[in-house]
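Fold and geometry: a report
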Amino acid sequence: MKTGTSMKKYVDRLSQRFHGSRDVHVVLDYFLNHFGHKVGFASSMGAEDQVLTDFIAKINPQTKVFTLDTGRLPEETYELIDQTRSRYSELNLQIYFPRHENIEKMVAEKGLNLFYESIENRKLCCYYRKVEPLQRALSGLDGWITGLRREQSVTRWQTRLVEFDEDNGILKINPLIYWTEDDVWKYIRQNRVPYNKLHNANYSSIGCAPCTRAVPKGGSVRDGRWWWENSGHKECGLHRSNREVFFEEA
Ligand code: SF4
């Protein structure tokens, strides 16, 4: 990997090259070919990520696609993982779990549902169940692909299609950054992509079961996540925005 100024120039060049691009096939084709086994896709199994899985399965199914099983996912998400494995049988789908010793210690000290008690507790739970497994999944990669879209939340509106992820020291590629929610669902319908049944019950962004609920009509995409917290802080620590500090938004 490049470092320092040359990395910044490299990211700026890539960013300019793909600025404004909504052509996901072209973007993915470039990065999957260019980085080969050194790029991976982090899927939360959400609608956007299922779109990217469909593209990746068609372009290069040997790409590392991984998801994090936090141990607190809704049953519908587990069903979708199995459906996805059946639909894309060639897909290199890997599942990462938290380290059991971290979870056992946390639960012994603070209880199973610690996240409702304070933001600090919620950050701790997200760290052990999501961030630490993500760091393991990213180890050895030069870049990771995400399904972020700008319009999903206030913490994502400045996100670029190609960025340098300082926390993990690798490139971050966001091919759907210029897509709208309508674009996502149009693609899912046209390509019969499997999706989480909870989306049919007004769940827009789906995470862990105790921290996700349906969004009332007119609500924004991430209103159903950590609804008891301030709306400007609804990230789990997996994605740092340009304006916020890691874990501040977690
Ligand atoms: S979303 Fe909730 S249950 Fe899942 S890791 Fe974060 S705090 Fe824990």
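About the cut-offs
- Residues numbered from 1 in each chain as written.
- Predicted model: local features only at pLDDT ≥ 70, side-chain atom pairs only at ≥ 80, totals over all residues.
- Heavy atoms only, no water.
- Helix = DSSP H or I, 4+ residues; strand = E, 2+ residues; numbered from the N terminus.
- Buried < 20%, exposed > 50% of the residue type's maximum accessible area, 1.4 Å probe, protein only.
- Areas by Shrake-Rupley, 256 points an atom, 1.4 Å probe, with all protein chains shown as cover.
- Near = heavy atom within 4 Å.
- Nonpolar A, V, L, I, M, F, W, Y, C, P; charged D, E, K, R; others polar.
- Expected span 1.5 Å × (residues − 1).
- Contact = heavy atoms within 4.5 Å.
- Core = buried A, V, L, I, M, F, W, Y, C linked by side-chain atoms within 4.5 Å.
- pLDDT = per-residue confidence, 0-100.
- Salt bridge = Lys/Arg side-chain N within 4 Å of Asp/Glu carboxyl O.

Before going further, it helps to examine the overall build of the chain. If you tally the helices and strands in the chain, you get 7 helices and 6 strands. Ordered by position from N to C terminus, the α and β elements of the chain give α-α-β-α-β-α-β-α-α-β-β-β-α. Put simply, the chain has 250 residues, and 54% of those count as buried. Carbon and sulfur atoms provide 48% of the accessible area of the chain, an area that totals close to 12000 Å².

Glancing now at the site of the ligand. Within the structure, the ligand sits among Phe115, Arg122, Cys125, Cys126, Arg129, Lys130, Cys208, Cys211 and Trp226. Looking at side-chain class alone, the shell around the ligand contains 6 nonpolar, no polar and 3 charged residues.

The next subject is helix α3 (residues 47-59). Given a rise of 1.5 Å per residue, 13 residues ought to cover 18 Å, and the 19 Å separating the end C-alpha atoms of α3 matches this to within 8%. The buried fraction of α3 is high, at 12 of 13 residues. When α3 is considered as a whole, its buried residues turn out to be Ala47, Glu48, Asp49, Gln50, Val51, Leu52, Thr53, Asp54, Phe55, Ile56, Ala57 and Ile59. Those residues of α3 that are buried are in contact with α2 (24-35), β1 (39-42), β2 (64-68), α4 (75-87), β4 (143-145) and α7 (181-191).

Right, let's get into the nonpolar core. In this structure, Phe31 and Leu171 are the most contacted members of the largest nonpolar core, which totals 43 residues. Sorting the residues of this core by element identifies α1 (4-17), α2, β1, α3, α4, β6 (170-173) and α7 as the ones contributing at least two each. Among the nonpolar cores identified, the runner-up in size contains 12 residues, and Tyr96, Val131, Leu134 and Leu238 belong to it.

Per-residue confidence for the chain averages 89 on the pLDDT scale, and 88% of its residues sit at or above 70. The model gives residues 241-250 a pLDDT under 50, and that stretch makes 37 contacts with residues more than four places away or in other chains.

What follows deals with the pattern of salt bridges. Counted by the stated rule, this structure contains 12 salt bridges. For aspartate 12, the salt bridge identified is with lysine 8, shortest N-O distance 3.0 Å. With aspartate 12 and lysine 8 both in helix α1, this residue pair falls 4 residues apart, about one helical turn. A residue is classified by how much of its surface remains accessible, and aspartate 12, at 25% relative accessible area, is partly exposed. Lysine 8 gets classed as exposed once you look at its relative accessible area, which sits at 54%. For glutamate 109, the salt bridge goes to lysine 105, with nearest N and O atoms at 3.3 Å. Of the two residues, glutamate 109 and lysine 105 are both situated in helix α5 (residues 100-110); the distance of 4 residues between them amounts to about one turn of the helix. Judged by its relative accessible area of 54%, glutamate 109 is exposed. Overall, the relative accessible area of 51% leaves lysine 105 in the exposed class. Salt bridges here are not isolated pairs; linked through shared partners, they connect Lys8, Asp12 and Arg160.

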